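Close look at the chain arrangement
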Number of protein chains: 2
Amino acid sequence: MISFDDFILQDDSPIYLQIIQYVKRGIVSGAIENGEEMISRRALSALLGVNPNTIQKAYHMLEEEGIIYSRTGAKSCVEVDEAMKESIRRTLLSQDTLKWVQSMKQMGVSMEEALELCREVWE
Amino acid sequence: MISFDDFILQDDSPIYLQIIQYVKRGIVSGAIENGEEMISRRALSALLGVNPNTIQKAYHMLEEEGIIYSRTGAKSCVEVDEAMKESIRRTLLSQDTLKWVQSMKQMGVSMEEALELCREVWE
DNA sequence: GAAAGTGTATTAATTATATAATACAGTTAA
DNA sequence: TTAACTGTATTATATAATTAATACACTTTC
């Protein structure tokens with residue numbers, strides 16, 4: 001079951017978006033597999049100290065994207081085939097990297113400097 | 001004068017934060033220098049098609065951070081010494097890079113893969 | 001000096017995000 | 001079967017972000 005054990009609020013973007021992001025990144029890394037049960041909305045709400053409606057918003061959007069499947073009374077499940085996985089992977093990797101590269105360029109940082117920065121921060 | 005010619009809305013984060021970010025990155029790159037005049041709040045509002053109050057919020061926060069100086073009736077001016085420049089540079093570079101690195105790690109991407117991605121996206 | 005431009009302030013309305021308190025119907029498990 | 005759990009829905013409230021419409025005092029420029 002996807003327990004959200006290592007979930008942490010990262011920035012000041014909406015919580016429901018950070019939950020969606022957590023699930024998508026887990027799918028890309030392989031930590032979250034097809035068919036896995038999600039933690040229940042109420043349980044995640046208690047775990048994160050966040051309102052149940054906020055969790056519901058995230059889960060509902062994940063369902064609209066076709067990433068999880070829900071039916072009343074039972075836990076929601078992850079439902080992603082290989083095409084979906086690859087689609088999420090491509091989108092996230094390029095979006096995040098492009099954003100960082102644009103940031104570096106706007107600050108006048110060269111590619112070599114950026115690569116070195118990456119190595120330093122990676123640890 | 002700082003004209004915001006190449007300013008573009010990047011993401012769905014608050015506009016006033018993106019304006020602050022634009023100015024800070026310009027200072028880091030050297031495109032924005034100490035003593036330069038800011039475009040007036042009303043002119044920037046018209047240029048970006050954004051409410052004057054949103055611009056005022058950004059300018060007001062830049063003033064509170066000690067990055068620009070304003071007086072009624074005259075245009076606001078950038079006021080940053082070398083220590084401030086270096087402080088902004090360190091903060092932005094590490095914050096942006098750390099965020100990207102964390103994203104890559106959460107998706108199970110190795111440092112070598114991340115560096116290669118960076119090279120590809122850089123163009 | 002007068003007109004135009006500029007920073008600042010106020011009040012009101014709207015949308016998005018998040019919280020709060022319930023309620024109901026379906027599933028799971030003892 | 002029954003109790004606990006789960007997904008779903010509703011109504012209300014609060015705060016942040018944005019827009020809108022003015023107004024006033026000060027500076028710059030002609």
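Every value quoted in this text rests on a predicted model; they were computed, and no experiment measured them. (Residues numbered from 1 in each chain as written. Chains lettered and ligands numbered in written order. Predicted model: local features only at pLDDT ≥ 70, side-chain atom pairs only at ≥ 80, totals over all residues. Heavy atoms only, no water.)

What about the nonpolar core?
Test applied: Take the buried residues of types Ala, Val, Leu, Ile, Met, Phe, Trp, Tyr and Cys, join any two whose side-chain atoms come within 4.5 Å, and each joined set is a nonpolar core. For every residue, the accessible area obtained with a 1.4 Å probe (protein chains only) is divided by the maximum for its type, and the residue is called buried under 20%, exposed over 50%, and partly exposed between those limits. Under the scheme used here, helices are H or I runs from DSSP no shorter than 4 residues and strands are E runs no shorter than 2 residues, and both carry numbers assigned from the N terminus. The contact criterion used is simple: two residues touch if any of their non-hydrogen atoms lie within 4.5 Å.
If you look at the biggest cluster of nonpolar residues, it comprises 75 residues, and the most contacted ones within it are Phe4(A) and Phe4(B). Of all the secondary-structure elements, those providing two or more residues to this core are α1 (15-29), α3 (52-64), α4 (82-106) and α5 (111-122) of chain A together with α1 (15-29), α3 (52-64), α4 (82-106) and α5 (111-122) of chain B. Sequence-distant contacts of Phe4(A), defined by excluding residues within four places in its chain, comprise Ile19(A), Tyr22(A), Val23(A), Met38(A), Ile39(A), Leu44(A), Leu47(A) and Tyr59(A).

A word on the relation of the copies chain B and chain A
The relation between the two copies of this chain is a rotation about an axis and a shift parallel to it. The line we're drawing: Least squares is used to superpose the copies, and the fit set is the C-alpha atoms of residues whose pLDDT is at least 70 in both copies.
Mapping chain B onto chain A leaves a residual RMSD of 0.0 Å; the transformation is a rotation of 180 degrees accompanied by 0.0 Å of translation along its axis. Put plainly, the chains are arranged around a two-fold axis. Most of the interface of chain B is mirrored in chain A, where 94% of its interface residues are also at the interface.

Focus on the domain arrangement of chain A
All names here are of chain A. Defined as follows: Residue ranges for the domains originate in an automatic or database domain assignment. Accessible area, probed at 1.4 Å, shrinks when two parts are joined; the buried area is that loss added up over both. What makes a salt bridge here is a side-chain nitrogen of Lys or Arg within 4 Å of a carboxyl oxygen of Asp or Glu, nothing more. By the criterion applied in these results, polar contacts are pairs of N or O atoms within 3.5 Å in which, for protein atoms, one can donate a hydrogen and the other can accept it, and in which residues neighboring in sequence qualify only through two side-chain atoms. Each residue is assigned to one of three groups, with Ala, Val, Leu, Ile, Met, Phe, Trp, Tyr, Cys and Pro labelled nonpolar, Asp, Glu, Lys and Arg labelled charged, and all others, Gly among them, labelled polar.
Here the domain parsing of chain A yields domain 1 (1-80) and domain 2 (82-123). Here domain 1 and domain 2 have C-alpha centroids that lie 25 Å from each other. At the boundary of domain 1 with domain 2, total buried surface from both sides reaches about 710 Å², with 75% on carbon and sulfur atoms. Run the count over domain 1 and domain 2 and you get one salt bridge. Here Asp96 and Arg25 are joined by a salt bridge, their closest N and O atoms 3.4 Å apart. Here domain 1 and domain 2 share one residue pair in polar contact (both at pLDDT 80 or more) between them. Residue composition of the side of domain 1 that touches domain 2, by class: four nonpolar, one polar and three charged.

Quick notes on the protein's contact with DNA strand D
Put simply, the test is: Proximity criterion: a residue is near a molecule or strand once any of its heavy atoms comes within 4 Å of it.
Taken together, 26 residues surround DNA strand D, and among them Arg41(A), Arg42(A), Ala74(A), Ile15(B) and Asn53(B) come closest. Atoms of DNA strand D within 4 Å of the protein belong to the sugar or the phosphate in 61% of instances, the rest to bases. Within the backbone of Ser76(A), a nitrogen or oxygen atom sits 3.4 Å from a phosphate oxygen of DNA strand D. Where the surface near DNA strand D is concerned, the elements lending two or more residues are α2 (41-48) and α3 of chain A together with α1 and α3 of chain B.

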